[in-house]
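# A structural walkthrough
Each chain is listed here by its residues.
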Amino acid sequence: MSTDDLQRSDIVSLARDGVRQRDLDELEFMRFSVEHAAAAIVWIQPNGRFRYVNEAACALYGAERTELLASDVSMIDTQYSPERWISLWQELRVKGALSMDLNVRLRDGSLKLLQAHASYISFGGEELSFVTLQDITERTRTQEALRSSQEQYRALVESAGDAIAVIDATGTFQFINAIGARNLKREPEDVIGRNMTELFPAAVASYQTSLIRRCIQTASRIKDESETVLAGESRWYLASFEPIHDADGIVRTAVMVAHDITDHKQAELELLAAKERAEKSEQVKDAFIANISHEIRTPLNTINGYAQVIQEVFEDRMRPGEKRFFDSIQRGSERLVRTVDEILNFSRMQAGDIRPLLQPVDLAALTHRLVTEFRVSAQQRLLSMTYINEIGDVEVVADEYYLGQILHNIVDNAVKYTTQGSVTVRLHYDAEQHVAVEVRDTGVGISAEYLPRLFEPYTQEEHGHSRTFDGIGLGLALARRYLDFHNATVTVQSEKGVGSSFVVHLADTRPVAEAADARAGGARGTGKCASDDKPGVLVVEDDLLTVEYLQLILESHYDVRTAASAVEAMRLLKRKTADIIIMDISLKGKKNGVELTKELRKSEQFKHIPIVALTAHAFPSDRESCMLAGCNEFIAKPMSRNQLYDVMNRLLAKPVASDG
């Protein structure tokens, strides 16, 4: 007879006994519920055999109902023995209920872990054990995995090199790892449950609690770097605060990870101090070089100027060969200034303190002036100096000063290293149709071994006490770096004992504008002369020797007035304007020449006056500040008289002829 038949016969017997239909219906409902319950349910007799199994129990074991009813509890307990079952049954009768975990081997050979809940019942005079079975295999595995992960994470937290703690919004510690507690000179159990106010100085506790509270309130990560006093010791920490969401998604605590950066901070402070010392040393060095340059250039300007004046005064009375004395003074002065210039410019270049001022430059005019400048030196060495312009007037977008320095250094080397023959400067288009300036000489040439090192600083092919040529080996190194400003390149061909060819290739070019005043930067002056007879020039200079020299060379062509300060210059201009101003940078009083230039450029009355910066401050940054302030031209001392005349003639609406 099946279990269903047994149950139905029981119900029929009850009906014969006169049980109410409503009770029978309820009993049928309970039977149906048990049969179709999701949990496996079995009834077990005192002898250990099954009295009833539901569908879920059959599915769990993968067996037919008849097979299970013909078996006993050995099918649901791998540890079954008659003695074990008798002991369990007696305990069940006494306690009324038991719970245990059972290892079960199923029909397919797999093992399952079941959680069994047994209740003792007496039904119709029959003793039974009512047992529900739940498969907890996966749940147990998950719990074991979770427990293992928790242990791993706890091990990681405890072995981490950083202090880790969980803290609530009041500043109370919910957890702290061993390192965090050790930083407080305590054990973890002495910290957990205590508030920050009990463990930190008041200011530190208040600050840290505010960070934690903000992290919890905003549910966002917060980072902080601060100095903290722990157990009387000052330490630097980089801390991060991360909100922790509970099961309801509410943030009530935050995890703090604090990394000790004291050593790093100390190294950083030491590095900063070293950097400040280095910068101060660099500033001292720059100031020293600038002062040396200024103190050399200023007297050389006077020496060269008066040497030229003396030469002109006594030229008719000189004996043959005496003129070379003055040439030697000029060459010695130029060599001294060139050396100072190269050291000064290379120093600024290494410091990254050079910013080019790019604007249209008349390349033909620039190269022509350069050739004119070197022609005298070439003639003194009995060299032929040739200038060839194959492309006419052309502008290049460049920094005129640095482009001039590139070509100057290359031409200077060509003249210096050529003992006989010629130096040729040629303006032409290269194979890429870019404007190119070639400097070709018949000099000593460069060996193939030295050619790769040609542009390295402080190098020369000959060195030591036996070297033939002067110089410190910076000219071409500077030229190479100046080329980078202009996106330009240089190619070199040379043969030892035959000569060399340097070609500078410039990409950004265009035809020269017909109107010179249309050029960027406004290079020429406008307006009428202050005097119908002589242009009026105001010399703003505080060096008395320079003032006397400028008065001497200018007074025959210009109406000259002088001022030693910005205040005096403004007073003279308001009394009578000028056609051109020669401006020194260093001036007595509170306002220097750059500041005075800016003031004049803002004045409706004086902003049109051309200004020539004439100064012994020859750093590229000095030139840049002068040009940005509004100067039209920049001349570094020492200068030649004709150089000054040329600049003034180009700026004045009414030029004055030079003296030679």
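Residues numbered from 1 in each chain as written. Predicted model: local features only at pLDDT ≥ 70, side-chain atom pairs only at ≥ 80, totals over all residues. Heavy atoms only, no water.

## Details of the overall build of the chain
The test is simple: The numbering of helices and of strands both runs from the N terminus, where a helix is a DSSP run of H or I of at least 4 residues and a strand a run of E of at least 2. What makes two residues a contact is simply this: any of their non-hydrogen atoms within 4.5 Å. For the area figures, the Shrake-Rupley method with a 1.4 Å probe applies, and any residue is considered shielded solely by the protein chains shown.
Counting secondary structure elements, the chain contains 20 helices and 23 strands. Long-range pairs, those at least 24 residues apart, make up 57% of the contacts in the chain with a sequence separation of at least 6. Carbon and sulfur atoms make up 53% of the accessible area of the chain, which amounts to about 35,100 Å² in all.

## Some points on the nonpolar core
For clarity, the cut-off: Note on terminology: a nonpolar core comprises buried Ala, Val, Leu, Ile, Met, Phe, Trp, Tyr and Cys residues joined through side-chain atoms within 4.5 Å. For each residue, the accessible area found with a 1.4 Å probe, counting protein chains only, is set against the maximum for its type, and the residue is called buried under 20%, exposed over 50%, and partly exposed in between.
In this structure, Leu 363, Met 385, Leu 403, Ile 406, Val 411, Phe 502 and Val 504 are the most contacted members of the largest nonpolar core, which totals 43 residues. Examining the composition of this core, we find that nine residues originate from one element, helix H14 (residues 400-416), more than from any other. Ignoring sequence-local partners within four residues, the contact set of Leu 403 consists of Leu 363, Leu 366, Val 396, Ala 398, His 486 and Leu 506. The next biggest cluster of nonpolar side chains, apart from the first, holds 27 residues, and it includes Cys 58, Ala 63, Ile 76 and Trp 89.

## Some thoughts on the confidence of the model for the chain
Just so we agree on the cut-off: Looking at any residue, its pLDDT shows the predictor's confidence there, from 0 to 100.
Mean pLDDT for the chain: 81, with 83% of residues reaching 70 or above. Note on residues 463-468: pLDDT is under 50 here. Beyond four places in sequence and across chains, it has three contacts. In the model, residues 514-531 has pLDDT below 50 throughout and makes 25 contacts with residues more than four positions away in sequence or in other chains.

## A closer look at the environment of Lys 602
Checked against the element boundaries, Lys 602 lands in helix H18 (residues 593-602). The exposure class of Lys 602 is exposed, given its relative accessible area of 71%. When the C-alpha atoms of Lys 602 and Gly 630 are compared, they prove to be 9.7 Å apart, with 28 residues separating the residues in sequence.

## Concerning the pattern of salt bridges
Where charged atoms of side chains with opposite charge meet at close range, the side chains can pair. Rules: Any Lys or Arg side-chain nitrogen found within 4 Å of a carboxyl oxygen on Asp or Glu counts as a salt bridge.
With the rule as written, the count across this model stands at 23 salt bridges. Between Glu 541 and Lys 637 there is a salt bridge, and its shortest N-O distance comes to 2.9 Å. With Glu 541 in the loop between strand E19 (536-540) and helix H16 (544-554) and Lys 637 in the loop between strand E23 (633-636) and helix H20 (641-651), this pair connects stretches of sequence that are 96 residues apart. The class for Glu 541 is buried, based on a relative accessible area of 4%. For Lys 637, a relative accessible area of 1% translates into the label buried. Residues participating in the shared-partner salt-bridge network are Glu 390, Arg 426, Glu 438 and Arg 440.

## Some remarks on the pairing of strand E8 (residues 222-230)
As a reminder, the rule being used: By the convention used here, strands pair only if DSSP detects at least 2 bridges between them.
Here E8 shows a clear split, with Ile 222, Asp 224, Ser 226, Thr 228 and Leu 230 buried on one side and none of Lys 223, Glu 225, Glu 227 and Val 229 buried on the other. Bridge count between E8 and strand E9 (residues 233-245): nine bridges; the pairing is antiparallel. Looking at E9, one finds that Thr 228 is bridged to Arg 235.

## Describing the sheet that holds strand E12 (residues 384-389)
Using the following cut-off: Angles run from 0 to 180 degrees between N-to-C directions of axes, and those axes are lines fitted to C-alpha atoms, restricted for helices to the stretch in contact.
Judged by pairing direction, the sheet is mixed, and its five strands sit side by side in the order E12-E14-E15-E17-E16 without closing on themselves. Taken across any chain shown, the strands that pair with only one partner, and hence form the sheet edges, are E12 and strand E16 (489-495). The mean inter-strand angle of the sheet, taken between neighbouring strand axes irrespective of direction, is 10 degrees. The pairing of strand E15 (residues 435-441) with strand E17 (residues 499-506) spans seven bridges and is antiparallel. Bridge pairing in E17 places Val 439 opposite Phe 502.

## Notes on the pairing of strand E10 (residues 251-260)
The pairing of strand E6 (residues 163-168) with E10 spans six bridges and is antiparallel. Residue Ala 163 lies in a different strand from E10, and its bridge partner there is Ala 258. Inspection of the sheet shows E9 paired to E10 by nine bridges, in the antiparallel sense. Each bridged residue has a counterpart across the sheet, and for His 245 the counterpart in E10 is Val 251.

## Regarding the packing of aromatic side chains
Note the threshold: For this analysis, a ring pair means two rings from Phe, Tyr or Trp (six-membered ring only for Trp) whose centres lie within 6.5 Å, classed as stacked if their planes differ by under 30 degrees, edge-to-face if by over 60, and tilted for the remaining angles. Ring-over charges, as used throughout, are those where CZ of Arg or NZ of Lys falls within 6 Å of the ring centre and within 35 degrees of the ring normal.
Going through the model one piece at a time under the given rule, you end up with six aromatic pairs. Seen from their ring centres, Trp 85 and Trp 89 are 6.0 Å apart, and the 35 degrees between their planes marks the pair as tilted. Taken together, the residues Trp 85 and Trp 89, both in helix H5 (residues 82-95) and four residues apart, mark about one turn of the helix. Take Trp 85 and Trp 89: they sit in the same class, and that class is buried. Ring geometry for Trp 89 and Tyr 120: centres 5.9 Å apart, planes at 65 degrees, overall edge-to-face. Here the residue Trp 89 occupies a position in helix H5, and Tyr 120 occupies one in strand E4 (residues 111-123), the gap between them amounting to 31 residues. We classify Trp 89 as buried; its relative accessible area is 7%. A connected cluster of aromatic rings, assembled from ring pairs, spans Trp 43, Tyr 52 and Phe 130. When the ring centre of Trp 236 is taken as origin, the NZ or CZ atom of Lys 265, which lies over that ring, is 4.7 Å away.

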